[in-house]
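Analysis of the macromolecular model
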Amino acid sequence: MAAPAAAAAATGESNEGGGTLSHHEFGVVNGTLYEYHVYTPVGWRGSDRLPLYMVLNGCGVSAAEMMEDTGLNTIADRERFIVAYADNEGAKPNCWPAVAEDAVLTASTGNPNLTRGAGGAADIVAGMTTQILEQYHGNKHRVYLAGGSSGAFQASATAAAYPELYAAVGLVAGAGPGMAVTCMNYSTAVVADYAALAVTAMGTPARVVPFITFGGTLDPLGEQPGDVGGCSGLGYQQWLAMANLVKPGSFYTDPAATEHGQVVDGYAWTKEVAKNRQSGCEIGQRWIIEGMGHTWPGPPGDQRGPDAAQLSWDFFEQFTRNGASLSCRASGAGAE
């Protein structure tokens, strides 16, 4: 998709952190104006070639509100990366459309919001990402995409449509590529079908994409106990199944490690980790948060939860993508 020319608007908007926040218009697509905010950390220079962390908002949440809920700007100052907040407030309602469109149910006709080159939301998000990399001289090998709720569904869909663009993906209360909000009614039996369809949709650039998921046990889009529902849990299983399809036999199908913890005065959590059998490189993390509802975990959002912004960055920064290959901090080049 050819990206519309971006126009920088006024800076100086309210934000957490001491860097610079700028507002840009991506352009009008199918009658809807799409915009984004870019936060560059304190002391940023165009020659820095910093990593890019791209964030997609949930339904009814603006890019500015997503920025406040995640607290990513202060982390960006400390860890030295660029944060971009996509804004689809022009859409009515302002939900990223992947949340409502099921790839299995539309496989015969296709779906532009889940598909590369079809002019839908996957192209819009990828176009924004490419534009930001060019504008801010970002490190194209270290681009990460995450979202909450409808933004998580769209992050999955976009990362599968453009696997050569994103080094890793993060989901808060959302499912894997091609699953819609109806995942609340799905069991794990559907994972294989969705994984196979998503790998097919990846096409020639198909590659292993590391992933991290967060879900609350009181959230039908998170980690519901029992055999039905829990969309972020299904998303974890789907991305892991996709990795096994792309690189058969390389990854554990069960957690390589499980940890338990408790936020002080907050929720208990369980962390599952999947690793490459041979290299030891992490491929996935799953955070199950006991008693949490449909929200972004951690301060300044729900302070009773583990800090999803910091934890996702800690996971993301392990990975560098170079074409179809992936390296991670645990094993260096050839981590796949």
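Residues numbered from 1 in each chain as written. Predicted model: local features only at pLDDT ≥ 70, side-chain atom pairs only at ≥ 80, totals over all residues. Heavy atoms only, no water.

**Considering the overall build of the protein**
Inclusion rule: The numbering of helices and of strands both runs from the N terminus, where a helix is a DSSP run of H or I of at least 4 residues and a strand a run of E of at least 2. To sort residues, take the accessible area from a 1.4 Å probe on protein chains only and compare it with the maximum for the residue type: under 20% means buried, over 50% means exposed, and anything in between is partly exposed. Residues count as neighbours in contact if any of their non-hydrogen atoms are within 4.5 Å of one another. Here, Shrake-Rupley sampling with a 1.4 Å probe gives the accessible areas, and only protein chains in the shown set may cover a residue. His is not counted, nor are the chain ends; Lys and Arg add positive charge and Asp and Glu add negative charge. Where a charge sits is defined by one atom per residue type, namely NZ (Lys), CZ (Arg), CG (Asp) or CD (Glu).
The helix and strand inventory of the protein stands at 7 helices and 13 strands. By its C-alpha atoms, the protein is 50 × 50 × 40 Å across when sized along the principal axes. Counting all 336 residues of the protein, 56% fall into the buried class. Taking the intrachain contacts of the protein between residues at least 6 apart in sequence as the baseline, contacts between residues at least 24 apart amount to 65%. Carbon and sulfur atoms form 51% of the exposed surface of the protein, whose accessible area is close to 12,500 Å². Averaging the positions of the 17 positive and the 32 negative side-chain charges in the protein gives two centres separated by 11 Å.

**Concerning helix 1 (residues 63–70)**
Along an α-helix, a turn takes 3.6 residues, which lines up residues three or four apart on a common side. The cut-off we apply is this: For this quantity, the arc is that covered by the directions from the helix axis to the C-beta atoms.
Within helix 1 the residues assigned to the buried category are A63, M66, M67 and T70. In an axial view of helix 1, the angular spread of the buried residues amounts to 100 degrees, which keeps them on one side of the axis. Looking one or two residues beyond helix 1, the residue adopting positive phi is G71, at roughly 70 degrees.

**Some thoughts on helix 6 (residues 231–246)**
Selection rule: One less than the number of residues in a helix, times 1.5 Å, gives the span that helix is expected to have.
Relative to the 22 Å expected for 16 residues at 1.5 Å per residue, helix 6 spans 22 Å between its end C-alpha atoms, a close match to the ideal helical length. For helix 6, the tally of buried residues reaches 12 of 16 residues, placing the bulk of the element in the interior. Buried residues of helix 6: C231, S232, G233, L234, G235, Y236, Q238, W239, L240, M242, A243 and N244, and no others. Where helix 6 is buried, its residues touch helix 4 (150–161), strand 7 (168–172), helix 5 (191–202), strand 8 (211–216), strand 10 (268–275) and strand 11 (282–289).

**What about the state of the cysteines?**
As a reminder of what qualifies: Note on disulfides: each one is a pair of cysteine sulfur atoms within 2.5 Å.
One pass over the full model with this rule turns up 3 disulfides. In this model, C59 is linked to C95 through a disulfide, with the two sulfur atoms separated by 2.0 Å. Taking the torsion about the sulfur-sulfur bond, which here is approximately 130 degrees, the covalent link between C59 and C95 counts as right-handed. Within this pair, whereas C59 is found in the loop between strand 4 (52–56) and helix 1, its partner C95 is found in the loop between strand 5 (82–87) and helix 3 (121–136), the two being separated by 36 residues in sequence. One disulfide bridge connects C281 with C328, the sulfur atoms lying 2.2 Å from each other. Within this pair, whereas C281 is found in the loop between strand 10 and strand 11, its partner C328 is found in strand 13 (residues 325–328), the two being separated by 47 residues in sequence. For the pair C281 and C328, a shared accessibility class is recorded, and that class is buried. Going through the protein in sequence order and numbering each bonded cysteine, the pairs you get are 1-2, 3-4, 5-6.

**Points about the pairing of strand 4**
Counted only if it meets this: Note on pairing: two strands pair once DSSP finds at least 2 bridges between them.
The buried fraction of strand 4 amounts to 5 of the 5 residues, a majority that puts the element mostly inside the structure. Neither face of strand 4 is left uncovered, since the one carrying L52, M54 and L56 and the one carrying Y53 and V55 both have all their residues buried. Sheet topology places strand 4 next to strand 5; 5 bridges connect them, and they run parallel. Within strand 5, the position partnered with L52 by the bridge is I82. Here 5 bridges tie strand 4 to strand 6 (residues 143–148), and the two strands are oriented parallel to one another. Across the sheet, residue L52 finds its bridge partner in strand 6, namely V143.

**Overview of the packing of helix 3 against helix 4**
We apply this condition: Only the stretch in contact is used when fitting a helix axis, every axis being a line fitted to C-alpha atoms; angles between N-to-C directions are given from 0 to 180 degrees. Any angle that is under 35 degrees is reported as roughly parallel, and any over 145 degrees as roughly antiparallel; angles of 65 to 115 degrees are reported as roughly perpendicular and all others as oblique.
Orientation of helix 3 relative to helix 4, taken along the N-to-C sense of each, is 80 degrees, at an axis distance of 9 Å. Between helix 3 and helix 4, the angle falls in the class roughly perpendicular. Contacts from A121, A122, V125 and A126 of helix 3 reach helix 4 at Q154, T158 and A161.

**Focus on the side chain of N113**
We count it as follows: As used in this structure description, the phrase polar contact means that two N or O atoms lie within 3.5 Å; if the pair is within protein, one of them must be able to donate a hydrogen and the other to accept it, and residues adjacent in sequence are counted only when both atoms belong to side chains.
With respect to the helices and strands, the residue N113 is situated in the loop between strand 5 and helix 3. From its side chain, N113 meets the backbone nitrogen of A121 in a polar contact 2.9 Å long. Among residues more than four places away in sequence, those in contact with N113 are P97, E101, G120, A121, A122, Q154 and A157.

**Looking at the pairing of strand 13**
Here strand 13 shows a buried face lined by L326 and C328 and an unburied face lined by S325 and S327. The turn linking strand 12 (residues 319–322) back onto strand 13 is made up of 2 residues, and G323 within it adopts a positive phi angle of 65 degrees.

**Notes on the confidence of the model for the protein**
Interpretation of the predicted coordinates at a detailed level should be avoided for regions scoring low in pLDDT. To keep it simple, the criterion reads: The predictor's confidence in any single residue is recorded as pLDDT, a number from 0 to 100.
Across the protein, the average pLDDT comes to 89, with 91% of residues at 70 or higher. Here residues 1–14 is a poorly scored stretch, pLDDT under 50, and it has 34 contacts once near neighbours within four places are set aside; other chains count. In this model residues 331–336 is a low-confidence stretch, pLDDT under 50, and it forms 19 contacts with partners more than four residues away in sequence or in other chains.

**Some remarks on the pattern of salt bridges**
Stated precisely, the cut-off is as follows: Throughout this description, the term salt bridge denotes a Lys or Arg side-chain nitrogen within 4 Å of a carboxyl oxygen of Asp or Glu.
Counted under the stated rule, the structure contains 9 salt bridges. In this structure, D48 and R80 form a salt bridge, with 3.3 Å as the shortest nitrogen-oxygen distance. Remark: R80 occurs in the loop between helix 2 (72–79) and strand 5 and D48 occurs in the loop between strand 3 (32–40) and strand 4; sequence separation between them is 32 residues. The partly exposed category is assigned to R80, whose relative accessible area is 28%. Here R286 ties to E272 by a salt bridge, and the two come within 3.5 Å at their closest N and O atoms. Highlighted residues: R286 in strand 11 and E272 in strand 10, separated in sequence by 14 residues.

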